[in-house]
Amino acid sequence: MNRLVPIFFLLVLGGAALSACQTAPAAQPRPVAGFVTDMKAFDAFIATKPTPEQFRAAYPDVLLVTPDMMSTREMRQNNSRYFPKLDADGRIVGGSFM
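In this text the structure is predicted, and so the values were computed from the model without any measurement.

What follows covers helix α2 (residues 39-46). Those residues of α2 that fall on the buried side of the exposure criterion are Phe42, Phe45 and Ile46. An end-on view of α2 places all buried positions within 100 degrees of arc, on one side of the element. Looking at the buried positions of α2, the neighbouring elements they touch are α3 (52-58), β2 (81-86) and β3 (92-97). At the N-terminal boundary of α2, the capping side chain belongs to Asp38, with an oxygen 3.3 Å from the backbone nitrogen of Lys40.

Moving on: unusual backbone geometry. A positive phi is found at Lys49, a non-glycine position, where the angle reads about 55 degrees. For Lys49, the location among the structural elements is in the loop between α2 and α3. Phi at Asn79 is positive, roughly 55 degrees, even though this residue is not glycine. On the secondary structure map, Asn79 appears in the loop between β1 (63-64) and β2.

To continue, consider the side chain of Thr51. Inspection of the secondary structure assignment puts Thr51 in the loop between α2 and α3. Setting aside residues up to four positions removed in sequence, Thr51 forms contacts with Gly90, Arg91 and Ile92.

Attention now goes to the pattern of salt bridges. Under the defined criterion, the tally for this structure stands at two salt bridges. Arg76 is the partner of Glu74 in a salt bridge, and the nearest nitrogen-oxygen pair spans 3.2 Å. In this structure Arg76 comes out as partly exposed when scored by relative accessible area, which is 29%. The salt bridge involving Glu74 is made with Arg81; its shortest N-O contact spans 3.8 Å. For Glu74, a relative accessible area of 34% translates into the label partly exposed. For Arg81, a relative accessible area of 2% puts it in the buried group. Beyond isolated ion pairs, a larger network of salt bridges with shared partners links Glu74, Arg76 and Arg81.

Read from one edge of the open sheet, three strands run β1-β2-β3, paired in mixed fashion. One side of each edge strand has no neighbouring strand; the edge strands of this open sheet are β1 and β3. Of the strand pairs in this sheet, β2 and β3 are connected by five bridges, and their pairing is antiparallel. The partner of Pro84 across the bridge, within β3, is Gly95. Sheet strands in contact with α2 are β2 and β3, and its direction is about 145 degrees off that of β3.

Conventions we followed
Residues numbered from 1 in each chain as written. Predicted model: local features only at pLDDT ≥ 70, side-chain atom pairs only at ≥ 80, totals over all residues. Heavy atoms only, no water. Buried < 20%, exposed > 50% of the residue type's maximum accessible area, 1.4 Å probe, protein only. Helix = DSSP H or I, 4+ residues; strand = E, 2+ residues; numbered from the N terminus. Arc of directions from axis to C-beta. Contact = heavy atoms within 4.5 Å. Polar contact = N/O pair within 3.5 Å; in protein donor to acceptor, adjacent residues only side chain to side chain. Salt bridge = Lys/Arg side-chain N within 4 Å of Asp/Glu carboxyl O. Pairing = 2+ DSSP bridges. Axes fitted to C-alpha atoms, helices over the stretch in contact; angles between N-to-C directions.

Encoded structure:
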């Protein structure tokens, strides 16, 4: 009986350590240099409902034009300026390049 106590303790401790590893926060995505060329990856990123700060960290070279910003409406065809649609919490849920 005394021999089973250390084994049980190690199993509980190992399970707790494994559980802690699984609840660690996800790593930040690597910033994408330049303008958006991989639309599949960009759409997958937008599907995560990022905040404007997360968008700017992930796509630092793309101008994020939020509703509080003034901008011109010239047509760009290089995916360098994104006009987001925001939900009530201020997260990006869609939008378009212009």
